[in-house]
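Here are the chains, one letter per residue:
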Amino acid sequence: MAFKQTQLVVLGPYSIPYEKHDRGTSKQITKEKAKSFWDQEEVKQIAMKQGCYVFATKAGKGFTPWYVGKATKSFKQEALQPKLTHYNEVIFKGKKGKPVIFFVARPSNLKKIPSKQINEVEKFLIQSAYYKNPGLKNKQNAKQHGWGIAGVIRGGKGKAPVNAKQFKNMLDL
């Protein structure tokens, strides 16, 4: 019997509109800005999808994850407006970077994801985001495993050795 998996894709990053305060050091995503986010042509087609999302800040060429969530109804209902307090706690304090959001969802017109799989994906993304940023706003399921494999997973910084890259490729990690 073949294993059937739900294939997901990453959508984004999408810039979230915001207002600047105090000479540009602090920012705020207002309800109006969050609403206008969904009016953008590039995000309209994903508004009704289910899946997981990661709120992050983009500074330079890098991203810092700050909040990971899941949308079991739709991204439009669950990803922005209900979470503005969490997002604004990050950007209002003058942290560098512009607010962005990534979505993990089914490809093309497919919208639904089984709830067990959304839960598994959210847990994995929270653990991964917490490893990258211990300041992550939501830490449920962020328990660290206490182990890593150098060059493969949770192995620290630095260039991965060739054999670690081969191992990682072999297991599709």
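Think of each chain on its own: its residues are numbered from 1, step by step along the sequence as written. Local features in a predicted model are, by the rule used here, given only for residues with pLDDT of at least 70; side-chain atom pairs are given and counted only at 80 or more, and totals for whole chains, interfaces and linings are based on all residues. The side-chain values count all of the structure's non-hydrogen atoms but skip hydrogen atoms and water molecules.

A. Structural detail: the overall build of the protein chain. A run of DSSP states H or I qualifies as a helix once it reaches four residues; a run of E qualifies as a strand once it reaches two. Both are numbered from the N-terminal end. The secondary structure content of the protein chain amounts to six helices and six strands. The linear arrangement of helices and strands in the protein chain, starting from the amino end, is β-β-β-α-α-β-β-α-α-β-α-α. Taking 16 Å as the expected radius of gyration for a compact globule of 173 residues, we find that the protein chain reaches 17 Å, a close match to that expectation. In terms of its C-alpha atoms, the protein chain occupies a principal-axis envelope of roughly 50 × 40 × 25 Å. Each residue is assigned to one of three classes by its accessible area relative to the maximum for its type, calculated with a 1.4 Å probe on protein chains only: buried under 20%, partly exposed between the two thresholds, exposed over 50%. Looking at the protein chain as a whole, 36% of its 173 residues qualify as buried. Two residues qualify as a contact provided that any one of their heavy atoms is within 4.5 Å of a heavy atom in the partner residue. Contacts in the protein chain between residues far apart in sequence, at least 24 positions, make up 64% of those at least 6 positions apart. Put simply, the protein chain shows about 11000 Å² of open surface, and 54% of that area lies on carbon and sulfur atoms. Think of it this way: Lys and Arg go in the positive column, Asp and Glu in the negative one, and His and the chain ends go nowhere. Charge coordinates come from a single atom per side chain, which is NZ of Lys, CZ of Arg, CG of Asp or CD of Glu. Between the averaged position of the 33 positive side-chain charges in the protein chain and that of its 11 negative side-chain charges there is a distance of 7 Å. We compute the radius of gyration over the C-alpha atoms and compare it with the globule rule, which gives 2.2 Å times the number of residues raised to the power 0.38. Surface accessibility follows the Shrake-Rupley procedure with a 1.4 Å probe radius. Residue values consider only the protein chains on display as shielding.

B. View of the pattern of salt bridges. Counted as salt bridges are all cases of a side-chain nitrogen of Lys or Arg within 4 Å of a carboxyl oxygen of Asp or Glu. For the structure shown, the criterion picks out three salt bridges. Among the ionic pairs, E41 bridges to K44, the shortest N-O distance being 3.6 Å. With E41 and K44 both in helix α2 (residues 41-44), this residue pair falls three residues apart, about one helical turn. Of the residues examined, E41 reaches a relative accessible area of 61% and is grouped as exposed.

C. Quick peek at the pairing of strand β5 (residues 62-71). Looking at chain direction, strand β4 (residues 51-59) and β5 are connected through nine bridges and run antiparallel. Each bridged residue has a counterpart across the sheet, and for G51 the counterpart in β5 is A71. Connecting β4 to the antiparallel partner β5 that follows it, the hairpin turn spans two residues, and G60 within it adopts a positive phi of roughly 65°. Any two strands with at least two DSSP bridges between them are considered paired.

D. Representation of helix α5 (residues 115-132) in the model. The span one expects for a helix is its residue count, reduced by one, times 1.5 Å. With 18 residues, α5 ought to run about 26 Å at 1.5 Å a step, and its terminal C-alpha atoms sit 26 Å apart, in line with that. For α5, the full list of buried residues reads I118, E122, L125, I126, Q127 and A129. In this structure, the buried side of α5 is in contact with β4, β5 and β6 (98-105).

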